Amino acid sequence: MVDANTEHQDQELIDAFRVLRIELRIVNDRVAAAAGIKPRDLDLLDVIDREGACTPGHLAARTGMRAATLTGVLARLEDDGWITRSTDPKDGRSARVASTERFEQVRSLYQDAGGSVQRVFNDVVPEYRSAVMWYLRTLAYSLRDMSADIPSALT
């Protein structure tokens, strides 16, 4: 049985996470606007930048974007010089999507805005860094699993 204090602390953690989610959305929206792209474009570019060149199917799975929508977004990002598309050497019927040097604009926007975030990370005591990373990664994987269980549209 969980006591009232533990339930209260659990709720405080959930509330803190919800606040963080909103603050991340605000920062990402502003970075996207400053780069002249849409926030969902930024999601795609971020996946490509962190995980490397990948297929449109991988991008759809990692961002939750529908394939039909993704096709148009990738065409626009390619036209605007954010990505390149080439034939996947493992499957000639599929494409590989990679970011261009233009992504450096996004990196610099985050770096310019990220001083206070960097100071928070710098303040994490070295012996706690692995625990913090474990919690962040576990939370991310849990959210990925949870999102797979939510219907994409109500019919």
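This text gives an overview of the structure that appears in the document. Not measured: the values here are computed from a predicted model.

Considering the packing of aromatic side chains
Then, number 1: Going through the model one piece at a time under the given rule, you end up with one aromatic pair.
Then, number 2: Look at Trp134 and Tyr135: their rings are 4.7 Å apart centre to centre, the planes differ by 85°, and that puts the pair in the edge-to-face class.

As for a nonpolar patch on the surface
Then, number 1: Among the surface-exposed residues, Val125, Tyr128, Val132, Met133 and Leu136 lie close enough to one another that they form a single nonpolar patch of about 420 Å² accessible area.
Then, number 2: With respect to the helices and strands, Tyr128 occurs in helix α7 (residues 126-148).

Quick notes on the nonpolar core
Then, number 1: The biggest cluster of nonpolar side chains holds 22 residues, and the ones touching the most others in it are Leu44, Leu59, Trp82 and Ile83.
Then, number 2: Examining the composition of this core, we find that five residues originate from one element, helix α2 (residues 39-51), more than from any other.
Then, number 3: Excluding residues that lie within four positions of it along the chain, Trp82 makes contacts with Ala35, Ile37, Leu45, Leu77, Ala98, Ser99, Thr100, Arg102, Phe103, Gln105 and Val106.

Structural notes on the side chain of Asp41
Then, number 1: Considering the arrangement of structural elements, one finds Asp41 in helix α2.
Then, number 2: Setting aside chain neighbours within four positions, we find Asp41 in contact with Val73, Arg76 and Leu77.

Some points on the side chain of Thr63
Then, number 1: Residue position: Thr63 is located in helix α3 (residues 56-63).
Then, number 2: Accessibility expressed as a relative area gives 13% for Thr63, which makes it buried.
Then, number 3: Within the local environment of Thr63, its side chain forms a polar contact with the backbone nitrogen of Met65, the two atoms lying 3.3 Å apart.
Then, number 4: Setting aside residues up to four positions removed in sequence, Thr63 forms contacts with Arg40, Asp43, Leu44 and Val47.

Quick look at the pattern of salt bridges
Then, number 1: A complete count under the given rule lists eight salt bridges for this structure.
Then, number 2: In this structure, Arg62 and Glu51 form a salt bridge, with 3.0 Å as the shortest nitrogen-oxygen distance. On the criterion of sequence distance, the pair formed by Arg62 in helix α3 and Glu51 in helix α2 is long-range, its members being 11 residues apart.
Then, number 3: Accessibility expressed as a relative area gives 24% for Arg62, which makes it partly exposed.
Then, number 4: One salt bridge in this structure joins Glu78 and Arg85, with 3.1 Å as the shortest N-O distance.
Then, number 5: Salt bridges here are not isolated pairs; linked through shared partners, they connect Asp49, Glu104 and Arg107.

Parameters at a glance
Residues numbered from 1 in each chain as written. Predicted model: local features only at pLDDT ≥ 70, side-chain atom pairs only at ≥ 80, totals over all residues. Heavy atoms only, no water. Phe/Tyr/Trp six-rings, centres within 6.5 Å; stacked < 30°, edge-to-face > 60°. Patch = residues over 30% accessible without salt bridge, like charges linked within 9 Å, V, L, I, M, F, W, Y side chains within 5 Å. Areas by Shrake-Rupley, 256 points an atom, 1.4 Å probe, with all protein chains shown as cover. Salt bridge = Lys/Arg side-chain N within 4 Å of Asp/Glu carboxyl O. Helix = DSSP H or I, 4+ residues; strand = E, 2+ residues; numbered from the N terminus. Core = buried A, V, L, I, M, F, W, Y, C linked by side-chain atoms within 4.5 Å. Buried < 20%, exposed > 50% of the residue type's maximum accessible area, 1.4 Å probe, protein only. Contact = heavy atoms within 4.5 Å. Polar contact = N/O pair within 3.5 Å; in protein donor to acceptor, adjacent residues only side chain to side chain.

Purely spatial values, then, with no claim about function.
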